[in-house]
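Residue-level structural notes
Listed below are the residues making up each chain.
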Amino acid sequence: VHFWVNGLAGGQSQRVEFYYNGGIIGSTPLVASYTGGSMPATWTEVKIPIGDFGLAAGQPIDGLVFQSSTGSATLQNLLCYAAVTLECGTGPTSA
């Protein structure tokens, strides 16, 4: 998963979740793993390998959700996301 995120106020706690048939099939915290420990208050590029979600090879997905880890929908938890893409590939190969 590749995207850009802006924490605006900064410091929010977020999760990225994959869904299939209405249920969560994979989830990972955004802040600790991919933004350097805290949500930045500026545009930051993030790349999360699909394997970090614990999904089985070939697992179908039908949803991707960016969710507050606190469950709060206040303006203090507002983030902006841009250019969200799923990238497929086998990764680097050795010569």
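Residues numbered from 1 in each chain as written. Predicted model: local features only at pLDDT ≥ 70, side-chain atom pairs only at ≥ 80, totals over all residues. Heavy atoms only, no water.

**Focus: the pairing of strand S2 (residues 14–20)**
- Inspection of the sheet shows S2 paired to strand S5 (residues 63–68) by six bridges, in the antiparallel sense. The residue bridging Glu 17 from the neighbouring strand is Val 65, located in S5.
- Joining the antiparallel neighbours S2 and strand S3 (residues 23–29) is a turn of two residues, in which Asn 21 adopts a positive phi near 50 degrees. (Pairing = 2+ DSSP bridges. Helix = DSSP H or I, 4+ residues; strand = E, 2+ residues; numbered from the N terminus.)

**A short note on the confidence of the model for the chain**
- Averaged over the chain, the pLDDT score is 78; the fraction of residues at 70 or greater is 74%.
- The least confident element of the chain is helix H1 (residues 31–34), whose mean pLDDT is 64; the most confident is S3, at 90. (pLDDT = per-residue confidence, 0-100.)

**A short note on the sheet that holds S3**
- If you walk across this open sheet you meet the three strands as S3-S2-S5, and the pairing is antiparallel. Only two strands of the sheet have a single partner each, and these edge strands are S3 and S5. Within this sheet the neighbouring strands show an average axis-to-axis angle of 25 degrees, counted without direction. (Axes fitted to C-alpha atoms, helices over the stretch in contact; angles between N-to-C directions.)

**Quick look at the sheet that holds strand S1 (residues 2–6)**
- An order of S4-S1-S6 is seen for the three strands of this open sheet, with the pairing classed as antiparallel. On the outer flanks of this sheet lie strand S4 (43–47) and strand S6 (80–85), each paired with one strand and no other. When strand polarity is set aside, the average angle formed by the axes of neighbouring strands in this sheet is 20 degrees.

**With respect to a nonpolar patch on the surface**
- Among the surface-exposed residues, Ile 50, Ile 61 and Leu 86 lie close enough to one another that they form a single nonpolar patch of about 230 Å² accessible area.
- Secondary-structure assignment places Ile 61 in the loop between S4 and S5. (Patch = residues over 30% accessible without salt bridge, like charges linked within 9 Å, V, L, I, M, F, W, Y side chains within 5 Å. Areas by Shrake-Rupley, 256 points an atom, 1.4 Å probe, with all protein chains shown as cover. Salt bridge = Lys/Arg side-chain N within 4 Å of Asp/Glu carboxyl O.)

**Section: the nonpolar core**
- Among the nonpolar cores identified, the biggest contains twelve residues, and these are Val 1, Phe 3, Val 5, Val 16, Phe 18, Leu 30, Met 39, Val 46, Ile 48, Phe 53, Leu 55 and Leu 79.
- Breaking this core down by element, the ones donating at least two residues are S1 and S2.
- In this view, Phe 18 contacts Val 1, Gly 23, Ile 24, Ile 25, Gly 26, Ile 50, Phe 53, Leu 55, Ile 61, Gly 63, Leu 64 and Leu 86; residues no more than four positions away in its chain are not counted. (Core = buried A, V, L, I, M, F, W, Y, C linked by side-chain atoms within 4.5 Å. Buried < 20%, exposed > 50% of the residue type's maximum accessible area, 1.4 Å probe, protein only. Contact = heavy atoms within 4.5 Å.)

**Side note on unusual backbone geometry**
- Unlike most non-glycine residues, Asn 21 shows phi in positive territory, near 50 degrees.
- Take Asn 21: it is sitting in the loop between S2 and S3.
- Its identity is not glycine, yet Ala 83 carries a phi of approximately 50 degrees, on the positive side.
- Considering the arrangement of structural elements, one finds Ala 83 in strand S6.
- Here Ala 83 falls in the exposed class, since its relative accessible area comes to 52%.

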